[in-house]
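What follows is the residue order along each chain.
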Amino acid sequence: AYSQPDHPYSISIGTSAVADYLKKNSSIYDLIATNRHCAGLNEPQDCTARQFALTALSERRVFIEGWSYTTCPLKEAITNRYWKESDWKLNQDFFNDPKNNWEKFKKTGVDWLVVDESRPSSKDFSSIASLVMKSNVVSLWKINDPYLGEVKKPKNPCDSQSNF
């Protein structure tokens, strides 16, 4: 890993430590949300979405991470849009303004937040989560009051319609 922006296509320093903590201290049924999806310096909806280190290293599910290697239909092989635009927008809106977007976002069933400070996001999630650790530019937050209702699972995961 290289520090940003020296090598913008690598994972951020701290990702590995946070993922290792999650692997050792979370349930295999837990769901993580992150604000890091894209290679490069920005997080547009149409990007080279090849960031999957959090999923790979933590061995946990992530609400939305990188989607370039999906089996769902994409318009292009390299730079492409996430097929559920409303879910992508929900994720981005939440990370940028957690207080005003939590009520809707919590229905995703997310248990943990991994915040990469090299990406746009709020710096404070304390109204809904507790800071567990920080490693370089990556912080890990545990949701204080996780959603206990039914999380709707799609019949077809490649359907463009959101469940939230």
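Residues numbered from 1 in each chain as written. Predicted model: local features only at pLDDT ≥ 70, side-chain atom pairs only at ≥ 80, totals over all residues. Heavy atoms only, no water.

Asks: Help me get a handle on the overall build of the protein, residues and values and all.
Replies: Helix and strand counts for the protein stand at four helices and seven strands. When each of the 164 residues of the protein is scored for burial, the buried share is 45%. The long-range fraction of contacts in the protein, counting pairs at least 24 apart against all pairs at least 6 apart in sequence, stands at 64%. About 8800 Å² of surface is accessible on the protein, with carbon and sulfur atoms providing 50% of the total. (Helix = DSSP H or I, 4+ residues; strand = E, 2+ residues; numbered from the N terminus. Buried < 20%, exposed > 50% of the residue type's maximum accessible area, 1.4 Å probe, protein only. Contact = heavy atoms within 4.5 Å. Areas by Shrake-Rupley, 256 points an atom, 1.4 Å probe, with all protein chains shown as cover.)

Asks: So what's going on with the nonpolar core? Which residues, and what values?
Replies: The nonpolar side chains of a soluble globular protein tend to be buried with one another. One finds Trp 67, Phe 94, Phe 105, Val 110 and Leu 113 to be the most contacted residues of the largest nonpolar core, which totals 25 residues. At the level of secondary structure, the elements contributing two or more residues to this core comprise strand E1 (31-34), helix H3 (85-96), helix H4 (98-105), strand E5 (112-116) and strand E7 (138-143). At four residues, the largest contribution of residues to this core is made by H3. Not counting residues within four places of it along the chain, the set of residues in contact with Phe 94 comprises Asn 101, Trp 102, Phe 105, Leu 113, Phe 125 and Ile 128. Val 18, Val 62, Trp 112 and Val 114 belong to the second largest nonpolar core, which has 10 residues in total. (Core = buried A, V, L, I, M, F, W, Y, C linked by side-chain atoms within 4.5 Å.)

Asks: Can you break down the packing of H3 against H4 residue by residue, with the values?
Replies: Where H3 contacts H4, the two axes come as close as 7 Å, and the packing angle between them is 140°. Taken together, the axis directions place H3 and H4 in an arrangement best described as oblique. As H3 runs across H4, the sense of the crossing is left-handed. Packed against H3, whose contacting residues are Leu 90, Asn 91, Asp 93, Phe 94, Phe 95 and Asn 96, the element H4 presents Pro 98, Asn 101, Trp 102, Lys 104 and Phe 105 at the interface. In terms of residue class, the contact of H3 with H4 is built from six nonpolar, three polar and two charged. (Axes fitted to C-alpha atoms, helices over the stretch in contact; angles between N-to-C directions. Parallel < 35°, antiparallel > 145°, perpendicular 65-115°, else oblique. Left-handed = near helix turned anticlockwise from the far one by under 90°. Nonpolar A, V, L, I, M, F, W, Y, C, P; charged D, E, K, R; others polar.)

Asks: Give me the lowdown on the sheet that holds E7, citing residues and values where you can.
Replies: Taken in spatial order, the five strands line up as E3-E1-E5-E7-E6 in an open sheet, and their pairing is mixed. Strand pairing shows two members of the sheet lacking a second neighbour, strand E3 (61-62) and strand E6 (129-135), which therefore form its edges. Pairing analysis gives three bridges linking E1 to E5, with the strands arranged parallel. The residue bridging Thr 34 from the neighbouring strand is Val 114, located in E5. (Pairing = 2+ DSSP bridges.)

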